Amino acid sequence: MAKKIGVIIDFLTDEYAKKINEAAASHGYEVEYFDSSRAAVGNVDDCEIIYGHPSQKVIASAKNLKWFACCWAGVDRFCRDELYQDPDCLLTNASGAYGTTIAEHITMVALMLLRRQMEYTEIIRSGGWSVLDGGIRSLHGARITVLGTGDIGTEFARRARAFHPEKLIGVRRSVRPNPDFDEIHAIGELDALLPGTDLLVMALPSTPDTEGILSRERLALLPDTAYVINVGRGTAVDQDALIDALNAGRLAGAALDVVVPEPLPADHRLRSAKNLLLTPHVAGNMTLGYTCELNVKMFCDNLDRYAGNRPLTHLVDRKKGY
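Note that the structure is a prediction, hence the values are computed from the model and not measured. (Residues numbered from 1 in each chain as written. Predicted model: local features only at pLDDT ≥ 70, side-chain atom pairs only at ≥ 80, totals over all residues. Heavy atoms only, no water.)

> Would you mind going over unusual backbone geometry with me for this structure?
Look at the link from valine 260 to proline 261: it is a cis peptide, with omega at 0°. Note that the residue after glutamate 262, namely proline 263, is joined by a cis bond; omega there is -5°. Mapped onto the secondary structure, proline 263 falls in the loop between strand 11 (253-256) and strand 12 (276-278). In the Ramachandran plot, histidine 164 falls in the positive-phi region, its phi being about 60° despite a non-glycine side chain. (Helix = DSSP H or I, 4+ residues; strand = E, 2+ residues; numbered from the N terminus.)

Now the structure itself:
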C-alpha cells in the first residue's frame, strides 16, 4: 500500500497541487485532497502526513498520523497530547510564511492611527472638509516597542527602520541578539519599558505565559499618547481594560486584528470603542498570494527533510506551544 498524504487547504490551485504532487511522488507518497474538514473526518486513517488547516476532529481521527504540517503559524489549538493517537506524532507550523503580509498590515494601521486617518474619513463621510486640531504624528522619531521578535516582529522592525524611529526595542522571553532592533529586553523588563513607549506592537503566540500579558495594570503604564497594535492572539490583551482606556482618553488609539471571541458579536463593546481600528483577522491568514506560495514551498521542503530522516524546520514543542 502506498504511503499517503492528506491535504486540506482552501487556497489550493492547480499550480500548488502540482508542486505538492511532484514532491510527494518523489518520495513514494500519494496525495488525497479534501475540500473540507467534514469530508476528511473518518477518511484519513491511511494518511501518514496531513498538511493544511484541518479541524481538531480530523487530527483526532487520524489513526496512523505521524506528522501534522499545519499551514498556520499559531498552533495552540493543536498542542494537546490527547489529540493525537500516536504520542510521538510530529507537529510543525508555518512560522516564517506570514512575516511579510503581517508586517505590512502593522505598518498600514500604525500610519492610519498616527496620521488620524479614521477621524478624517469620518469628517469626509459626514460632508466636512476640515483639518483636525493637534496635527498628526509619525513613525519618524517614535519610540517603538515590539513585543515578540520572531518572524513577524522582525519583519516589521525592518520596515519600521526605514521611517527613522527614535528607538526600536524588541521584547522577548529571553535576551538574544537581533540586529534589526536597537535593543533587546526580556519580558521581565516590560513594565519599565512601557512608560517610554509611543507605539506598542504585539506579535505573540498564544501560550499560558502570554495570556493577558497586556493587563489593566500594564495599560496604565503606557503614556496617554501611546498606541497599541495587536496581531498575535486576542487572549494577550485585557479587552475590557483596553476599551476603558480608549474611551477615557488614557490611550491615543489601538488597532486589533485579533480579538476574543472571533467572530466578534455585533453588539460587542469593542465595536464602539474610541479610536479603535478593527480588522477581522486578515493581517495574515491566506489573504496574500505570496504567503500561500511560501506556505506550499515550506511544506514541500519539509517533506524532503521528513523523507530523508532529517530534522524538520518549524518543529513545534507541544508542551511550550511554539
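> Can you help me understand the side chain of threonine 154 in this one?
Checked against the element boundaries, threonine 154 lands in helix 6 (residues 151-161). In this structure the side chain of threonine 154 is engaged in a polar contact, spanning 3.1 Å, whose partner is the side chain of asparagine 178. Those residues in contact with threonine 154 that sit more than four places away from it in its chain are Thr149, Asn178, Asp180 and Phe181. (Polar contact = N/O pair within 3.5 Å; in protein donor to acceptor, adjacent residues only side chain to side chain. Contact = heavy atoms within 4.5 Å.)

> How do you make sense of the packing of aromatic side chains when you look at a structure like this?
Geometry of an aromatic ring pair is reported as the spacing of the ring centres plus the angle between the planes. Overall, the coordinates contain 6 aromatic pairs when judged by the stated rule. Their ring planes at 70° and their centres at 6.1 Å tell us that phenylalanine 11 and tyrosine 16 sit as a pair that is edge-to-face. Assessed through its relative accessible area of 8%, phenylalanine 11 is described here as buried. Ring centres of tryptophan 67 and tyrosine 306 lie 5.1 Å apart, and the angle between their planes is 25°; this geometry places the pair in the stacked category. A residue pair is termed long-range when its members are at least 10 positions apart, and tryptophan 67 in strand 4 (residues 67-70) and tyrosine 306 in helix 10 (residues 289-307) qualify at 239 residues. Each member of the pair, tryptophan 67 as well as tyrosine 306, carries the same accessibility label: buried. What links up through ring pairs into an aromatic cluster is the set Tyr51, Trp67, Phe299 and Tyr306. Over the aromatic face of tyrosine 84 sits the side chain of arginine 318, whose NZ or CZ is 4.3 Å from the ring centroid. (Phe/Tyr/Trp six-rings, centres within 6.5 Å; stacked < 30°, edge-to-face > 60°. Buried < 20%, exposed > 50% of the residue type's maximum accessible area, 1.4 Å probe, protein only. Lys NZ or Arg CZ within 6 Å of the ring centre and 35° of its normal.)

> Is there a simple way to explain empty space enclosed by the protein in this structure?
Once rolled over the atoms, a probe with the size of a water molecule shows which space is left empty. Considering all chains together, one arrives at 1 cavity of 30 Å³ or more under this definition. In this structure, the largest cavity is lined by 13 residues; those nearest its centre are Cys70, Thr92, Asn93, Met298 and Phe299. Here the lining of the largest cavity gets 4 residues from one element, more than from any other, and that element is helix 10. Taken together, the residues of the lining of the largest cavity break down into 7 nonpolar, 6 polar and no charged. (1 Å grid on protein atoms, 1.4 Å probe; cavity = no way out; pocket = protein on both sides within 12 Å on 5 of 7 lines; lining within 4 Å. Points joined across faces, edges and corners; volume = space filled by probe spheres on them. Nonpolar A, V, L, I, M, F, W, Y, C, P; charged D, E, K, R; others polar.)

> How should the packing of helix 4 (residues 99-114) against helix 6 be read in this particular structure?
In a packed pair of helices, the relevant descriptors are the angle between the two axes and the axis-to-axis distance. Relative orientation of the contacting elements helix 4 and helix 6 amounts to 55°, with a least axis distance of 8 Å. Looking at the two axes, helix 4 sits oblique to helix 6. Judged by the sense of rotation from one axis to the other, the crossing of helix 4 with helix 6 is right-handed. Contacts between helix 4 and helix 6 involve Gly99, Thr100, Ile102, Ala103, Glu104, Ile106 and Thr107 on the former and, on the latter, Asp151, Ile152, Glu155, Phe156 and Arg159. Grouping the constituent residues of the contact of helix 4 with helix 6 by class yields 5 nonpolar, 3 polar and 4 charged. (Axes fitted to C-alpha atoms, helices over the stretch in contact; angles between N-to-C directions. Parallel < 35°, antiparallel > 145°, perpendicular 65-115°, else oblique. Left-handed = near helix turned anticlockwise from the far one by under 90°.)

> How should helix 1 (residues 14-25) be read in this particular structure?
Since one α-helical turn is 3.6 residues long, residues separated by three or four positions face the same way. A rise of 1.5 Å per residue sets the reference length of helix 1, with its 12 residues, at 16 Å; its end C-alpha atoms lie 16 Å apart and thus fit the reference within 8%. Tucked inside the fold, the buried residues of helix 1 contact strand 1 (3-8), strand 2 (29-33), strand 3 (47-52) and helix 10. (Expected span 1.5 Å × (residues − 1).)

> Is there a simple way to think about the pairing of strand 10 (residues 227-230) in this case?
Consecutive side chains of a regular strand alternate in pointing toward one face of the sheet and then the other. What you see with strand 10 is no split at all: Tyr227 and Ile229 on one side and Val228 and Asn230 on the other are buried throughout. Read from strand 9 (residues 199-202) through helix 8 (residues 216-221) to strand 10, the crossover connection turns out right-handed. Taken together, strand 10, helix 9 (residues 239-247) and strand 11 form a β-α-β motif whose crossover is right-handed. (Right-handed = clockwise from strand over helix to strand, strands pointing away.)

> Would you mind going over the pattern of salt bridges with me for this structure?
Pairs can form between side chains of opposite charge whenever their charged atoms are close. By the definition in use, this model includes 21 salt bridges. Linking arginine 158 and glutamate 155 is a salt bridge whose minimum nitrogen-to-oxygen distance equals 2.8 Å. Placement of the pair is arginine 158 and glutamate 155 together in helix 6, with a separation of 3 residues, close to one helical turn. The shortest N-O distance in the salt bridge between aspartate 301 and lysine 297 comes to 2.8 Å. Taken as a pair, aspartate 301 and lysine 297 lie in helix 10 at a separation of 4 residues, close to a single helical turn. (Salt bridge = Lys/Arg side-chain N within 4 Å of Asp/Glu carboxyl O.)

> So what exactly am I meant to see when it comes to the sheet that holds strand 1 here?
Across a sheet, paired strands are connected by hydrogen bonds in the backbone, their directions being either parallel or antiparallel. The strand order across the open sheet formed by 5 strands is 2-1-3-4-5, and the pairing between neighbours is parallel. Looking at the sheet topology across the chains shown, the edges are occupied by strand 2 and strand 5 (90-92). Neighbour-to-neighbour, the strand axes of this sheet turn through a mean angle of 20°, independent of strand direction. Bridging between strand 1 and strand 3 involves 5 bridges; their strand directions are parallel. In the sheet register, glycine 6 faces strand 3, and the bridge partner there is isoleucine 50. Its contacts with the sheet place helix 1 against strand 1, strand 2 and strand 3, and it is angled at close to 150° to strand 2. Taken strand by strand, helix 10 contacts strand 1, strand 2, strand 3, strand 4 and strand 5, and its axis lies near 155° from that of strand 3. (Pairing = 2+ DSSP bridges.)

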